[in-house]
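Per-entry structural report
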Number of protein chains: 2
Amino acid sequence: MNMLPGLAASQYALIYNVLSFTIASMLSSFVFFLAARQQVGVAYRPALLFSALVVGIAGYHYLRIFDSFNDAYTLVDGAYAPSGKPFNDAYRYVDWLLTVPLLLVELVAVLHLSKAVGRSMLIKLIIAAVLMIGLGYPGEAEYTNMTMRAVWGTLSSIPFVYILYVLWVQLGAQVKNESAAVQSLLKTTRVVLLATWGVYPITFLLPILGIGMETSFVAVQSGYAFADVAAKCGYGLLIFFIARAKSEADGSLPQDKAHA
Amino acid sequence: MNMLPGLAASQYALIYNVLSFTIASMLSSFVFFLAARQQVGVAYRPALLFSALVVGIAGYHYLRIFDSFNDAYTLVDGAYAPSGKPFNDAYRYVDWLLTVPLLLVELVAVLHLSKAVGRSMLIKLIIAAVLMIGLGYPGEAEYTNMTMRAVWGTLSSIPFVYILYVLWVQLGAQVKNESAAVQSLLKTTRVVLLATWGVYPITFLLPILGIGMETSFVAVQSGYAFADVAAKCGYGLLIFFIARAKSEADGSLPQDKAHA
């Protein structure tokens, strides 16, 4: 079990506010992605629905993380001491197990590939995502044996690299006929995915690098939260822009007769 | 850290009721703006969606502020004494960080400018809004050094003035071809924006003017709440009226065949 560090009032307030910011971002993105389906062609609406599910699930988990964080601390003489109740971090892994495959579904769905190509790509991506998260968790929960943490981390990286291969090489080959606008948005989306997912292994490495969870607790909690906002809300917004650009290119953009 | 003043039962009840009024206003406006999208042309629906997001996010934050306010006080001999738990005011800044850029997006979206003009204007406005709020926060959190508070406040005013310049001069030039009804509504909207946003720097100045947070606490909390209702619900209602007027002018107003 991870030992919680005591926190100064300002450190506690920072994590508290960052978690609340994340809840607000996730829940408002949920409403936005659901409603914004009306602003893209019918073919691209499933992608926005998946975006909505991702941020809805994440919003739910952040509500739980927020409550768990509050319960895990108690105010003593103007500072925050661990209350003895555990801070349940495992929510993040439960969340990723559901949302990471859906993030990949979003990307494949918005490209509207042929059924056979899309399906085979999705099966590969989803299996790799589940393996990546499943192999990462035993390492994340390992706070004493740093060798075992490194072993699990390395095993977890193999499917991660495979996902990058599928997205860059295999997906790249499929989108050569897309418009320049779509290709450029797609490149940005993949970079956002790589940059935000890259935060997780770095955070994972901190205890191995000898930076104790105690001192890095604030950075880790804020880092995960901002990475999740970028990887889910920001990424979903890019998927929305791709859906708009593709709807515009194929003439399926819903519009008034007056503006047609 | 801000020291909370003790409150008479009537003062406590006033803040309590104002906060609750604000929650009711925000959440009912959320439902209204979402549903009212069906009453304007397709081109103006994104503006109403952004209005809904703004009041939804604010409603969430006011629920948190309300809970935090209740936790921060305890009833002792018929009056309210600080319980020792902090009253988390920072929610307001977290809220503004999300909602102020969205308020500007609302205004640009409802005008339905050309893509290039709209995008460049939005980028300028959003960067200025984030700077304004980011520079305001260190000043707001500064209760001892009034010079530093004034410095941050002044720095924060620069992007505020820039936003006013973009809205009055640059946006003004873009809407010359709009109908008289739209132009008049737009003028009202900008005045509401200036009047309600003007409450925030005034509140910010109170501690510098020597009016202690203790005595002005009730005024500040009520002032922020009423300003938020005007700046979000009232402003969103004006955006709805602009969307109606523009839909009517360009013939995109949804209507029954029987009334056409």
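Calculation rules
- Residues numbered from 1 in each chain as written.
- Chains lettered and ligands numbered in written order.
- Predicted model: local features only at pLDDT ≥ 70, side-chain atom pairs only at ≥ 80, totals over all residues.
- Heavy atoms only, no water.
- Contact = heavy atoms within 4.5 Å.
- Buried area = accessible area lost by both parts, 1.4 Å probe.
- Salt bridge = Lys/Arg side-chain N within 4 Å of Asp/Glu carboxyl O.
- Polar contact = N/O pair within 3.5 Å; in protein donor to acceptor, adjacent residues only side chain to side chain.
- Helix = DSSP H or I, 4+ residues; strand = E, 2+ residues; numbered from the N terminus.
- Core = buried A, V, L, I, M, F, W, Y, C linked by side-chain atoms within 4.5 Å.
- Buried < 20%, exposed > 50% of the residue type's maximum accessible area, 1.4 Å probe, protein only.
- Pairing = 2+ DSSP bridges.
- Axes fitted to C-alpha atoms, helices over the stretch in contact; angles between N-to-C directions.
- Parallel < 35°, antiparallel > 145°, perpendicular 65-115°, else oblique.
- Left-handed = near helix turned anticlockwise from the far one by under 90°.
- Nonpolar A, V, L, I, M, F, W, Y, C, P; charged D, E, K, R; others polar.
- 1 Å grid on protein atoms, 1.4 Å probe; cavity = no way out; pocket = protein on both sides within 12 Å on 5 of 7 lines; lining within 4 Å.
- Points joined across faces, edges and corners; volume = space filled by probe spheres on them.
- pLDDT = per-residue confidence, 0-100.

Overview of the interface of chain B and chain A
- Taken together, the contact between chain B and chain A spans 28 residues of the former and 23 residues of the latter.
- Taking both partners together, chain B and chain A bury about 2000 Å²; carbon and sulfur atoms supply 66% of that area.
- Between A:Glu248 and B:Lys115 there is a salt bridge whose closest N-O contact spans 3.0 Å.
- Our enumeration of links across chain B and chain A arrives at four residue pairs in polar contact (both at pLDDT 80 or more).
- Residue assignment for the side of chain B that touches chain A shows that the elements contributing at least two residues are helix H1 (9-36), helix H2 (45-72) and helix H3 (90-111) of chain B.
- It is H2(B) that provides the largest number of residues to the side of chain B that touches chain A, a total of eight residues.

Focus: the nonpolar core
- Of all hydrophobic cores here, the largest spans 170 residues; its most connected members are A:Phe69, A:Trp197 and B:Trp197.
- Beyond its immediate chain neighbours, meaning those up to four positions away, A:Phe69 contacts A:Leu7, A:Tyr12, A:Ile15, A:Tyr16, A:Leu19, A:Phe87 and A:Phe217.

Description of the pairing of strand E1 (residues 73-76) of chain A
All names here are of chain A.
- As judged from the four bridges shared by E1 and strand E2 (residues 79-82), these two strands associate in the antiparallel manner. Paired with Val76 across the two strands is Ala79, which belongs to E2.
- Linking E1 back to E2 in an antiparallel pair, the connection comprises two residues, with Asp77 at a positive phi of about 55°.

Some points on the packing of H2(B) against H3(B)
All names here are of chain B.
- It is at 8 Å that the axes of H2 and H3 come closest, and there the two elements cross at 165°. Taken together, the axes of H2 and H3 lie roughly antiparallel to each other. Taken as a pair, H2 and H3 cross one another with a handedness that is left-handed. Between H2, through Ala47, Phe50, Ser51, Leu53, Val54, Ile57, Ala58, His61, Tyr62, Arg64, Ile65 and Ser68, and H3, the contact on the second element is made entirely by Tyr91, Arg92, Val94, Asp95, Leu98, Thr99, Leu102, Leu103, Val105, Glu106, Ala109 and Val110.
- Here the contact of H2 with H3 is built from residues that sort into 16 nonpolar, four polar and four charged.

Describing the layout of surface pockets
- Its volume calculated, the largest pocket comes out at about 2000 Å³.
- If you go around the largest pocket, you meet 49 residues; those closest to its centre are A:Phe240, A:Phe241, B:Phe50, B:Val105 and B:Leu122.
- Mapped by element, the contributors of at least two residues to the lining of the largest pocket are helix H1 (9-36), helix H6 (180-205) and helix H7 (213-250) of chain A together with H2, H3 and helix H4 (115-140) of chain B.
- For the lining of the largest pocket, the class distribution of residues is 33 nonpolar, eleven polar and five charged.

Here we look at the environment of A:Val192
Residue and element names in this part refer to chain A.
- Within the secondary structure, Val192 is located in helix H6.
- C-alpha of Val192 to C-alpha of Ala231: the two residues are 39 residues apart in sequence and 6.9 Å apart in space.
- Non-local contacts of Val192, meaning those with residues more than four positions away in its chain, are made with Trp197, Ala230, Tyr235 and Leu238.

Quick notes on the confidence of the model for chain A
All names here are of chain A.
- For chain A, per-residue confidence averages 89 on the pLDDT scale, and residues scoring 70 or more make up 96% of the total.
- Model confidence for chain A, summarised as mean pLDDT per element, is weakest for H6 at 87 and strongest for helix H2 (residues 45-72) at 96.
- Among the prediction metrics, the complex's ipTM stands at 0.85, with pTM recorded as 0.89.

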